[in-house]
Amino acid sequence: MKLDVLKLDGGKAGSVDLNDDLFGLDPRADILHRVVRWQRAKAQAGTHSTLTRAEVSYSTKKIYRQKGTGGARHGSRKAPIFRKGGVVKGPLPRSHAHDLPKKVRALGLRHALSAKAKAGELVIVDTLAMAEAKTAILAKQAKELGWKRVLIIDGAAVDQGFALAARNIEGIDVLPTMGANVYDILKRDTLVITKAGLEALEARLK
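Basis of the calculations
Residues numbered from 1 in each chain as written. Predicted model: local features only at pLDDT ≥ 70, side-chain atom pairs only at ≥ 80, totals over all residues. Heavy atoms only, no water. Helix = DSSP H or I, 4+ residues; strand = E, 2+ residues; numbered from the N terminus. Rg over C-alpha atoms; globule rule 2.2 N^0.38 Å. Buried < 20%, exposed > 50% of the residue type's maximum accessible area, 1.4 Å probe, protein only. Contact = heavy atoms within 4.5 Å. Lys, Arg positive; Asp, Glu negative; His and termini not counted. Charge placed at Lys NZ, Arg CZ, Asp CG, Glu CD. Pairing = 2+ DSSP bridges. Axes fitted to C-alpha atoms, helices over the stretch in contact; angles between N-to-C directions. 1 Å grid on protein atoms, 1.4 Å probe; cavity = no way out; pocket = protein on both sides within 12 Å on 5 of 7 lines; lining within 4 Å. Points joined across faces, edges and corners; volume = space filled by probe spheres on them. Nonpolar A, V, L, I, M, F, W, Y, C, P; charged D, E, K, R; others polar. Salt bridge = Lys/Arg side-chain N within 4 Å of Asp/Glu carboxyl O. Core = buried A, V, L, I, M, F, W, Y, C linked by side-chain atoms within 4.5 Å.

A. Region of the structure containing the overall build of the protein. Looking only at helices and strands, the protein features 7 helices and 6 strands. Written out in order from the N terminus, the α and β elements of the protein read β-β-α-α-α-β-α-β-α-β-α-β-α. The globule rule puts the C-alpha radius of gyration for 206 residues at 17 Å, and the 27 Å found for the protein is more than 25% above it. Principal axes of the C-alpha set define a box for the protein whose edges measure 95 × 40 × 25 Å. Scored against the burial criterion, the 206 residues of the protein give a buried share of 36%. A separation of at least 24 residues holds for 71% of the contacts in the protein among residues at least 6 apart in sequence. Across the protein, 37 positive and 21 negative side-chain charges occur, with their mean positions spaced 21 Å apart.

What follows is the structure in structure tokens.
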């Protein structure tokens, strides 16, 4: 698969042959779903907590006599049926993370890249280096290129000038190659990869 390489100013900088093992697959929703679910579960805080009957703050004194009241027998205000009583089998702090084989994770990333390529939402740029790294200049270039919700993947390290210029622009996110992941790729309308990022991705997923 061949794709044109663009410059940040919109001009062309040749073309590049995309690896079919990364960009030529038929995207599988089940693989993508598994990887996204694994990512979101791992990111979940799991700090939800409730107080059990043993943990609520109340006196342990019997609230009224056992017999003769005409009501049900109770020994403590901590019982779950009372207001502010303990919670039965409520959520407690825990990790929501679950295991997913590395091969499935790598396959998910390949399918995410292929999904963007198949949908025509993949853009290859020559480099992120700017002669003058200013937010206003980059915002204008992004508008001219039609980038609204875009993820940009650079090589091993993101160009510092570009990262600073893009920091305050809504809708533009920049990641190094090792940060590339299925959830962030699928969440954006456009995926932009530099030539250095392309080489690094091929090395990572070979």
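B. Focus on the sheet that holds strand S2 (residues 12-17). The strand order across the open sheet built from 6 strands is S2-S1-S3-S6-S4-S5, with neighbouring strands paired in mixed fashion. Each edge of the open sheet carries a strand with a single partner, namely S2 and strand S5 (172-175). Direction aside, the axes of adjacent strands within the sheet are offset by 30° on average. Of the pairings in the sheet, the one linking strand S1 (residues 2-6) to strand S3 (residues 122-125) comprises 2 bridges and is parallel in character. In the strand pairing of S3, valine 5 is matched with isoleucine 124. Contacting S3 and strand S6 (190-194), helix H3 (residues 102-118) runs over the sheet at an angle of about 110° to S6.

C. View of the layout of surface pockets. Considering only enclosed or pocket space, the largest pocket measures out at about 200 Å³ in volume. In terms of lining, the largest pocket is formed by Val35, Trp38, Gln39, Lys102, Arg105, Ala106, Leu109, Ala180, Asn181, Val182, Arg204 and Leu205. Every element with two or more residues in the lining of the largest pocket is listed here: helix H2 (29-43) and H3. For the lining of the largest pocket, the leading source of residues is H3, giving 4 residues. Considering only residue class, the lining of the largest pocket consists of 7 nonpolar, 2 polar and 3 charged.

D. Structural detail: the pattern of salt bridges. Following the criterion strictly, the structure yields 7 salt bridges and no others. For the salt bridge of aspartate 184 with arginine 188, the shortest nitrogen-to-oxygen distance reads 2.9 Å. Neither residue differs from the other here; aspartate 184 and arginine 188 are each classed as buried. Residues participating in the shared-partner salt-bridge network are Asp173, Asp184 and Arg188.

E. Examining the nonpolar core more closely. Phe23, Leu113, Leu122, Ile124, Ile185, Leu191 and Ile193 are the most contacted members of the largest nonpolar core, which has 28 residues in total. Elements represented by at least two residues in this core include exactly helix H1 (20-23), H2, H3, S3, strand S4 (150-153), helix H6 (182-187), S6 and helix H7 (195-204). Sorting elements by how many residues they give to this core places H3 first, with 5 residues. Setting aside anything within four residues of it in sequence, one finds phenylalanine 23 in contact with Met1, Leu18, Leu113, Ser114, Ala117, Leu122, Ile193 and Leu198.

F. Structural view of the pairing of S2. The pairing of S1 with S2 spans 4 bridges and is classified as antiparallel. Opposite aspartate 4, over in S2, you have serine 15 as the bridge partner. The turn linking S1 back onto S2 is made up of 5 residues, and glycine 10 within it adopts a positive phi angle of 95°.

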